[in-house]
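# Structural overview
This is what each chain is made of:
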Amino acid sequence: MKKFLLILVLGLGMGVGNSICPVWAAGTGNGIKVCTLAKTSFSWDGSKLPNYPTGQPQITILKISIQPGVKLCWHKHPVINAGVLLKGSLTVITEDHHVLHLKTGDPIVEVVNKWHYGLNEGTTPAEIIVFYAGVKNMPITIKK
């Protein structure tokens, strides 16, 4: 599962933020550039990520659009997930008042098992792709 997530992140790097990524993939020279957007064992608020759950792996990929002024409900994720903001801006706030401001092209390694919400304070829709690494029959999001 870890290799799969690495491939997904590297694949995203080819399409997001290329102009600021100075690292070229080994053995390439034909215009392919690889940019690592995130490589960490910690979520954005500094918490250590938990071990992967046991069971049949299930990867979920969501494209989420949040209109200007919309606040998501309080929720938490029992599985590790990461994403990239494709358009707009997004603010994420945890119950213990950690705040993250995302802009177009920013990656996020989300908090796990912590209550939080997202808010689009901008004037354009926010669009984010999120990858969840869970197991079959396990929810990826729990609402408060």
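Presented here is a report on the structure given in the accompanying data block. On a predicted model such as this, the values are computed, not experimentally measured, just so you know. (Residues numbered from 1 in each chain as written. Predicted model: local features only at pLDDT ≥ 70, side-chain atom pairs only at ≥ 80, totals over all residues. Heavy atoms only, no water.)

### Digging into the overall build of the protein chain
A count of helices and strands for the protein chain gives one helix and nine strands. From first element to last, N terminus to C terminus, the protein chain shows the α and β order α-β-β-β-β-β-β-β-β-β. Counting across all 144 residues of the protein chain, residues that qualify as buried make up 38%. Partitioning the intrachain contacts of the protein chain with sequence separation of at least 6 by distance along the chain shows that 76% fall at a separation of at least 24. A total accessible area of about 8400 Å² is found for the protein chain, and carbon and sulfur atoms account for 59% of it. (Helix = DSSP H or I, 4+ residues; strand = E, 2+ residues; numbered from the N terminus. Buried < 20%, exposed > 50% of the residue type's maximum accessible area, 1.4 Å probe, protein only. Contact = heavy atoms within 4.5 Å. Areas by Shrake-Rupley, 256 points an atom, 1.4 Å probe, with all protein chains shown as cover.)

### Thoughts on the environment of G69
With respect to the helices, strands and loops of the structure, G69 is situated in the loop between β1 (57-66) and β2 (75-76). Look at G69 and you get exposed, because its relative accessible area is 59%. The sequence separation of G69 and T123 amounts to 54 residues, and the corresponding C-alpha distance is 7.6 Å. Residues contacting G69, with those up to four places away along its chain left out, are L119, N120 and G122.

### Remarks on the packing of aromatic side chains
With the rule as written, the count across this model stands at one aromatic pair. When the ring of W74 is compared with that of Y117, the centres are 4.8 Å apart and the planes differ by 80 degrees; the resulting orientation is edge-to-face. Here the residue W74 occupies a position in the loop between β1 and β2, and Y117 occupies one in strand β7 (residues 116-119), the gap between them amounting to 43 residues. Since its relative accessible area comes to 28%, W74 is described here as partly exposed. Looking at Y117, the relative accessible area reads 12%, which means it is buried. Above the face of the Y117 ring, K71 is positioned so that its terminal group lies 4.3 Å from the ring centre. A cation over a ring is seen here: K144 above W74, with NZ or CZ 5.6 Å from the ring centre. (Phe/Tyr/Trp six-rings, centres within 6.5 Å; stacked < 30°, edge-to-face > 60°. Lys NZ or Arg CZ within 6 Å of the ring centre and 35° of its normal.)

### A few points about the nonpolar core
Ranked by size, the top nonpolar core spans 15 residues in total, and within it W44, L85, V92, L100, L102 and I108 carry the most contacts. Contributing elements (two or more residues each) for this core: β4 (89-94), β5 (99-103) and β8 (126-135). Among the elements that line this core, the one with the most residues is β8, at four residues. With residues near it in sequence (within four places) discarded, L85 still touches L90, L102, K103, T104, G105, D106, A126, E127 and I128. (Core = buried A, V, L, I, M, F, W, Y, C linked by side-chain atoms within 4.5 Å.)

Spatial relationships are all this shows, so hold off on functional conclusions.
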